[in-house]
Amino acid sequence: MECPGKMKKKIAIITILLIIFISLLVSLNQTEKKDELYTKKDFLMDTTVEIKVISEKNANNGNKVISETLEIMREWDRKLNRYNENSLISKINNKGNKGVKVSDEIINFFKELKRYGKLTEGNFDPTIAPLIDLWGFGKENTRIPAENDIKSLLKLIDYNDIKIDEKKNIIYLPKKSKIDLGSAAKGFIIDKAYKNLKKNNIENFFINAGGNIRVSGMNIVENRLWSIGIRKPRANNQVYKDYILEISKGAVSTSGDYERYFIKDNKRYSHLIDPKTGYPARDLQSVTVYTSTALRADVLSTALFIMGWNKAKEKIKNSEDIAGFLIKDGEIWYSEDFEGKFSNN
């Protein structure tokens, strides 16, 4: 008969071996489930769209959810692009005087557009399309229009002309008025992408559509926050090394006179047209906004650019949820909300 001491020793050894075995299994399982960065690019909304997500390695969920999200963005682009003759916006532009039936989602979107028109005192105006076309930015046939032609179209630019029948879900637009969502659609669509990624339990991701960005969490694979550079307006694709944003939530959008423009007689004319004057805004070179949603960032970066240096600074200072970064003739100003969000590198 085996003595009690030897029996206890055997039990102890078996217990230790079991612990080691279980630890190896746990370690192996953790290795198999190690997070990985998945990235995919596509061309839509007339720009390059990039989505980065952190998902479990070998789970095939990362690539799948990115592809699904890009398809959602593509579908919304088809609806909101006025240059697509079959889009919802084209239908409103062509038949809005009779009224166009739309979904609850579109009703809420148009209510937001009108709210931003009021919030920005008309510096954001979705009925800007006639002026964009007159200047030739819509079809890239740019030119300086006659002053009388500009004046005659100014009467068509008024976001209040958009009428919303919430009971019947109908949107009305005067016959000669036209809507352009170039300063809102990207933000709206990015927010749709954001919601889809969250719905699929993705917590760490980065969405970039030509400088319109929204993020969540961090790049846990590289153990860092998401980094966003601010472009130098007069330098080819160079960014300010001292102003690299590092964020874990929210949205960033930049509007600049270097994106779409033409030069005539040594003057730069950008696509960022002032709805009140009918001429491209000229006071600023670039505006970057950091705020809660991509739609809000998209709209406000444009509106603040139109407002100009002094009024934009005042608006940013008096707004609790807007951080702003302005550039005028090489001079930089940014709000206190940006302090602490720049990289120390």
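The rules behind these values
Residues numbered from 1 in each chain as written. Predicted model: local features only at pLDDT ≥ 70, side-chain atom pairs only at ≥ 80, totals over all residues. Heavy atoms only, no water. Helix = DSSP H or I, 4+ residues; strand = E, 2+ residues; numbered from the N terminus. Contact = heavy atoms within 4.5 Å. Areas by Shrake-Rupley, 256 points an atom, 1.4 Å probe, with all protein chains shown as cover. Buried < 20%, exposed > 50% of the residue type's maximum accessible area, 1.4 Å probe, protein only. Pairing = 2+ DSSP bridges. Polar contact = N/O pair within 3.5 Å; in protein donor to acceptor, adjacent residues only side chain to side chain. Core = buried A, V, L, I, M, F, W, Y, C linked by side-chain atoms within 4.5 Å. Axes fitted to C-alpha atoms, helices over the stretch in contact; angles between N-to-C directions.

(A) Representation of the overall build of the chain. Check the secondary structure of the chain and you find 9 helices and 15 strands. By sequence separation, contacts in the chain at least 24 residues apart represent 61% of the contacts at least 6 residues apart. Of the roughly 18,600 Å² of accessible surface on the chain, 48% is carried by carbon and sulfur atoms.

(B) Examining unusual backbone geometry more closely. Here the phi dihedral of aspartate 46 falls at roughly 60°; this positive angle occurs in a residue that is not glycine. One non-glycine residue, aspartate 329, lies in the positive phi region at around 50°. With respect to the helices and strands, the residue aspartate 329 is situated in the loop between β14 (323-328) and β15 (331-334). Classification of aspartate 329 as exposed rests on a relative accessible area of 63%.

(C) Spotlight on the pairing of strand β8 (residues 226-231). Of the two faces of β8, only one is covered, namely that formed by Trp226, Ile228 and Ile230; the face formed by Ser227, Gly229 and Arg231 stays uncovered. Taken together, the 5 bridges between β8 and strand β9 (residues 239-247) define a ladder with antiparallel strand orientation. By the bridge assignment, arginine 231 is partnered in β9 with valine 239.

(D) Layout of helix α3 (residues 88-95). Those residues of α3 that fall on the buried side of the exposure criterion are Leu88, Ile89, Ser90, Ile92 and Asn93. Residues of α3 that are buried make contact with α2 (61-80), β3 (100-101), α4 (104-119) and β5 (170-172).

(E) Region of interest: the environment of tyrosine 290. Tracing the sequence through the fold places tyrosine 290 in strand β13 (residues 286-291). When the C-alpha atoms of tyrosine 290 and phenylalanine 325 are compared, they prove to be 8.6 Å apart, with 35 residues separating the residues in sequence. Excluding its chain neighbours within four sequence positions, the residues that come into contact with tyrosine 290 are Ile247, Lys249, Gly250, Ala251, Val252, Asp321, Ile322, Ala323, Phe338 and Lys341. Separated by 2.7 Å, the side chain of tyrosine 290 and the backbone oxygen of lysine 249 make a polar contact.

(F) Highlighting the environment of glycine 278. Within the secondary structure layout, glycine 278 lies in the loop between β12 (267-270) and β13. For the pair glycine 278 and leucine 154, spaced 124 residues apart in the sequence, the C-alpha separation amounts to 6.5 Å.

(G) Fine view of the nonpolar core. Counting residues in hydrophobic clusters, the biggest one holds 63 residues, and the most contacted among them are Ile51, Val53, Met73, Leu80, Ile92, Phe110 and Ile207. Sort the elements by how many residues they give to this core and helix α8 (residues 294-307) lands first, with 10 residues. With residues up to four places along the chain from it excluded, the contact list for methionine 73 reads Leu44, Met45, Val49, Ile51, Ile189, Ile190, Ala193 and Ile207. By size, the runner-up hydrophobic cluster in this structure holds 17 residues, among which are Ile54, Ile213, Ala323 and Phe342.

(H) Seen up close, the sheet that holds strand β1 (residues 35-44). As summarised here, the arrangement of the 8 strands in space is β1-β2-β6-β7-β10-β13-β14-β15, forming an open sheet in which the pairing is antiparallel. This sheet does not close on itself; its edge strands, each paired only once, are β1 and β15. Put simply, the sheet's adjacent strands are angled 10° from each other on average, direction ignored. Relative to β14, β13 is paired through 5 bridges, and the arrangement is antiparallel.

In short, shape yes, function no, at least from these values alone.
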